[in-house]
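A look at the structure
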Amino acid sequence: MPEDAPETAKVRTDDLDVIRKELLRIGVRFARWHAARRIPAGADDSTIMKAYRSHIDHVSAEGGSQVVDIARMTSAPTDPDRPQQRDPGRDKFLTEHFHDEDLVRFVVVGAGCFYLHAAGHVHAMLCTGGDLLCVPSRTAHWFDAGARPSYTAIRFFQEDNGCAARFLPDSIADRFPTLDDLLATT
Ligand SMILES: [Fe+2]
């Protein structure tokens, strides 16, 4: 989507070759992994780490990752008194920001959309279980797993404090469709 025309999708595709090519234009790498066995939605950290150990070791060595952890986003029970209340955790990631180190995520189960703002466009990259995304440091982006998130991902960090988000005061994220908006128009 052009940064000044959020409603205009220039390319919308699930063709992996096209996705890889488009992302490479902005220096982003994308790959799809296969686990040795299927990971259940409620799997604990050690089960996930064990299932993907060889992949994790490979990515860590390639990117110089010192820290690997697992992030989860799941639906919080709705407060019956405040049904419209948004999850503050979701709102935080919905603001445009960047990091001083590469953003490397592997989605284990569920789905999340990375909005990558580079070269005058916003690339909304929907990642689902098995997808690895490597985004260069200082690339402006935001993230949405939807109003009812189901997202578990392995995160790779080069430094302990590398994940600190630097928020942009002129974030354009509000002007763009959320993940739920995008899925509703599929
Ligand atoms: Fe981020």
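Look up a bit, the structure's there.
This section reports on the structure supplied with the text. Remember, it's a predicted structure, so these values are computed and weren't measured experimentally.

This brings us to the overall build of the protein. Scanning the protein for helices and strands turns up five helices and nine strands. When the helices and strands of the protein are read in sequence order from the N terminus, they spell out α-β-α-α-β-α-β-β-β-β-β-β-β-α. For the protein, the proportion of its 186 residues judged to be buried stands at 40%. Expressed as a percentage of contacts within the protein between residues at least 6 apart in sequence, the contacts between residues at least 24 apart total 78%.

This part takes up the packing of aromatic side chains. Inspection of every chain in the model, using the stated rule, returns eight aromatic pairs. Ring geometry for tryptophan 33 against phenylalanine 106: centres 4.1 Å apart, planes inclined by 25 degrees, an arrangement best described as stacked. In this pair, tryptophan 33 sits in the loop between strand 1 (29–32) and helix 2 (45–51) while phenylalanine 106 sits in strand 4 (residues 103–118), placing the two residues 73 residues apart along the sequence. Following the ring pairs from residue to residue traces out a cluster consisting of Phe93, Phe114, Phe143 and Tyr151.

Attention shifts here to the coordination of the iron ion. Only His97 (NE2), His99 (NE2) and His141 (NE2) from the protein reach the iron ion as donors, at distances of 2.1 Å. Considered as a linear motif, the donors of the iron ion on their single chain read H-x1-H-x41-H. Here histidine 99 is found in the loop between strand 3 (97–98) and strand 4, whereas its partner histidine 141 is found in strand 7 (residues 140–144), with 42 residues between them in sequence. As far as the burial class goes, histidine 99 and histidine 141 line up, both buried.

The next thing to look at is unusual backbone geometry. If you check the backbone angles, alanine 119 has positive phi at about 55 degrees while not being a glycine. Secondary-structure assignment places alanine 119 in the loop between strand 4 and strand 5 (121–128). The phi torsion at arginine 138 lies on the positive side, around 65 degrees, for a residue other than glycine. Take arginine 138: it is sitting in the loop between strand 6 (131–135) and strand 7.

So, on to the state of the cysteines. For the structure on display, the rule yields zero disulfides. Here cysteine 127 stays unpaired: no disulfide links it, and the sulfur of cysteine 113, its closest cysteine neighbor, is 7.8 Å away. Take cysteine 127: its relative accessible area is 1%, and that puts it in the buried class.

Structurally, the position occupied by histidine 97 is in strand 3. One polar contact links the side chain of histidine 97 to the main-chain carbonyl oxygen of threonine 95, over a distance of 2.8 Å. Apart from the residues lying within four places of it in its own chain, the contact partners of histidine 97 are Thr139, Ala140, His141, Trp142, Ala165, Arg166, Phe167 and Leu168.

Cut-offs used in this document
Residues numbered from 1 in each chain as written. Predicted model: local features only at pLDDT ≥ 70, side-chain atom pairs only at ≥ 80, totals over all residues. Heavy atoms only, no water. Helix = DSSP H or I, 4+ residues; strand = E, 2+ residues; numbered from the N terminus. Buried < 20%, exposed > 50% of the residue type's maximum accessible area, 1.4 Å probe, protein only. Contact = heavy atoms within 4.5 Å. Phe/Tyr/Trp six-rings, centres within 6.5 Å; stacked < 30°, edge-to-face > 60°. Donors = N, O, S within 2.8 Å, 3.2 Å for Na, K, Ca; no water. Disulfide = S-S within 2.5 Å. Polar contact = N/O pair within 3.5 Å; in protein donor to acceptor, adjacent residues only side chain to side chain.

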